[in-house]
Each structure stands twice: as structure tokens, then as C-alpha cells.
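Spelled out, the chains give:
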Amino acid sequence: MKEKRQTIFIDFEFTMPERNVRMKDFFAEIIEVGLVAVVDDQITDQFSSYVTPLKFPILSERCKSFLHISQQQVDQGISFFELIRKLGEFNNQYETTIVTWGNMDMKVLRHNCLEAGVAFPFKATELDLSMEYKRFFGDQNQTGLWKAVQEYGKEGTGRHHRALDDALTTYNIFRLVEKDKRYLEKPKPTTIGDRIDFSKLLNEFA
């Protein structure tokens, strides 16, 4: 019997400093999470929440403006420790792959775990879909998430820079790329013209 596989699509939004302002020891912290879990091509779970940053809890004006996230929303979010506990719940009996658009999400999560003194919550293979997309289409530069979905003639889900919407958009692009890969891997069926040399046939009747 074929073993079930779980694919988890994750997007985080992070804090950012004011432009041209140096903050001592500043590092990006997760302030919103969006997660979509898929088992055998079926969405089995979705999770979305704001997260209260541990080290620098006051959001910069630039961060609030760019992400359209308010101070009150992150103040009422779950703690980083609750986030880690929740993510750990997805370490189940399935073989799991974590899919993100870009490599920043997992980098920031690892760094935040280090700063908080907690273990990284996942035991899984990690896939940067933006690099897969770049390799697949032979692009020179990495493409932004919503630009990529528009290149497919589609629209992103919901609003860009909302974590769950971006996670769902990542899932949709993943499906489109996988479908294209399967299409290219399939050999084209031979036509009657491939099987019969019509020039020989015509010579016989000439």
C-alpha cells in the first residue's frame, strides 16, 4: 500500500525596522503565520494567526504600513511558544515536505527558535518553490509569488502579504508547476504518421 505524503505550505510575515534607522541587535520576528496542510492532494488543515514578537514587540511604522498589520492585532496574537507547539502538531506519521516561496520563512523560523531557546518544530524535507519555479522556466531572476501566479494567467488568493492567502497562493502555484512537470514527462502518443512511412507507401502506388 502506498504511504501517504503530507505537504505543508507555509508563509510567515515578519517585523521590519524603520527605513534608514539602525536598531541595536534587531532581527526579523514572525508576526503572522499562514499554513495549509495537504495529504494526498486534499487540504486537511488550515491555520492562521497573528503572533506576538518576543524581542521587539513594538512594530515599526514601516512594518504596519507595508503589511497592513496593526499593533493591536499582534498584541492579541498567540505567543511564539504557542506557534512552535502548533507547528509541532504537524509532525505526524506522514512523510512531510515543507513548501515555502523563497528561503526566508525557514531561515527566520530557525533564527527565532534559536533566540527563544526552543527546538525547531519540524522534521521534514524543505522545498523552496521559488527556486523550483526559476529552474523549471529557466528564469534569470527569482520571481515574486504573485507575479508568478499571474504569469500562469491566474490571480492570487485573497490579498498579498496576508500569510494564509500567500500560503494558499503558494499551494496553487505548486499544483500548476507539478501539473506542467507531469505533462512534460509524458511521452507524446505516436501518430499514424510516425508509424507509417508515407513516402514508401506512395511509391508503391506510384
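Here, the structure is the one placed above.
As the structure is a prediction and not an experimental result, all values here were calculated from the model.

Undergrad: Can you tell me about the overall build of the protein, naming the residues and giving the values?
TA: Scanning the protein for helices and strands turns up nine helices and six strands. Residues counted as buried form 41% of the 206 residues belonging to the protein. A total accessible area of about 12,700 Å² is found for the protein, and carbon and sulfur atoms account for 52% of it.

Undergrad: How would you summarise the packing of helix H3 (residues 80-88) against helix H4 (residues 104-116) if you had to cite specific residues and measurements?
TA: Following both chains from N to C, one finds H3 and H4 inclined at 125 degrees, their axes separated by 11 Å at the closest point. When the interaxial angle is binned, H3 and H4 end up oblique. Here H3 and H4 pass one another in a crossing that is left-handed. In this structure, H3 uses Phe-80, Phe-81, Ile-84 and Leu-87 to contact H4, whose residues at the interface are Leu-109, Asn-112, Cys-113 and Ala-116.

Undergrad: Report on the pairing of strand E5 (residues 95-100), specifying residues and quantitative values.
TA: A regular strand places its side chains so that they alternate between the two faces of the sheet. Across the six residues that make up E5, a large majority, five, are buried. Pairing geometry for strand E1 (residues 5-14) and E5, over five bridges, is parallel. Among the inter-strand pairings, Phe-9 is bridged to a residue of E5, identified as Val-99. Note that the unit made of E5, H4 and strand E6 (residues 125-128) has a crossover that is right-handed.

Undergrad: Any chance you could break down the nonpolar core for me, citing the residues and the numbers?
TA: Counting 23 residues, the largest nonpolar core has Phe-12, Ile-30 and Leu-109 as its most contacted members. Contributions of two or more residues to this core are made by E1, strand E2 (30-39), strand E3 (42-52), H3 and H4. Here Leu-109 is in contact with Phe-12, Ile-30, Phe-80, Ile-84, Leu-87, Phe-120, Pro-121 and Phe-122, once residues within four sequence places are set aside. One finds Val-38, Trp-101, Val-149 and Val-177 within the second-largest nonpolar core, a separate group that totals 20 residues.

What counts, and where the lines are drawn
Residues numbered from 1 in each chain as written. Predicted model: local features only at pLDDT ≥ 70, side-chain atom pairs only at ≥ 80, totals over all residues. Heavy atoms only, no water. Helix = DSSP H or I, 4+ residues; strand = E, 2+ residues; numbered from the N terminus. Buried < 20%, exposed > 50% of the residue type's maximum accessible area, 1.4 Å probe, protein only. Areas by Shrake-Rupley, 256 points an atom, 1.4 Å probe, with all protein chains shown as cover. Axes fitted to C-alpha atoms, helices over the stretch in contact; angles between N-to-C directions. Parallel < 35°, antiparallel > 145°, perpendicular 65-115°, else oblique. Left-handed = near helix turned anticlockwise from the far one by under 90°. Contact = heavy atoms within 4.5 Å. Pairing = 2+ DSSP bridges. Right-handed = clockwise from strand over helix to strand, strands pointing away. Core = buried A, V, L, I, M, F, W, Y, C linked by side-chain atoms within 4.5 Å.

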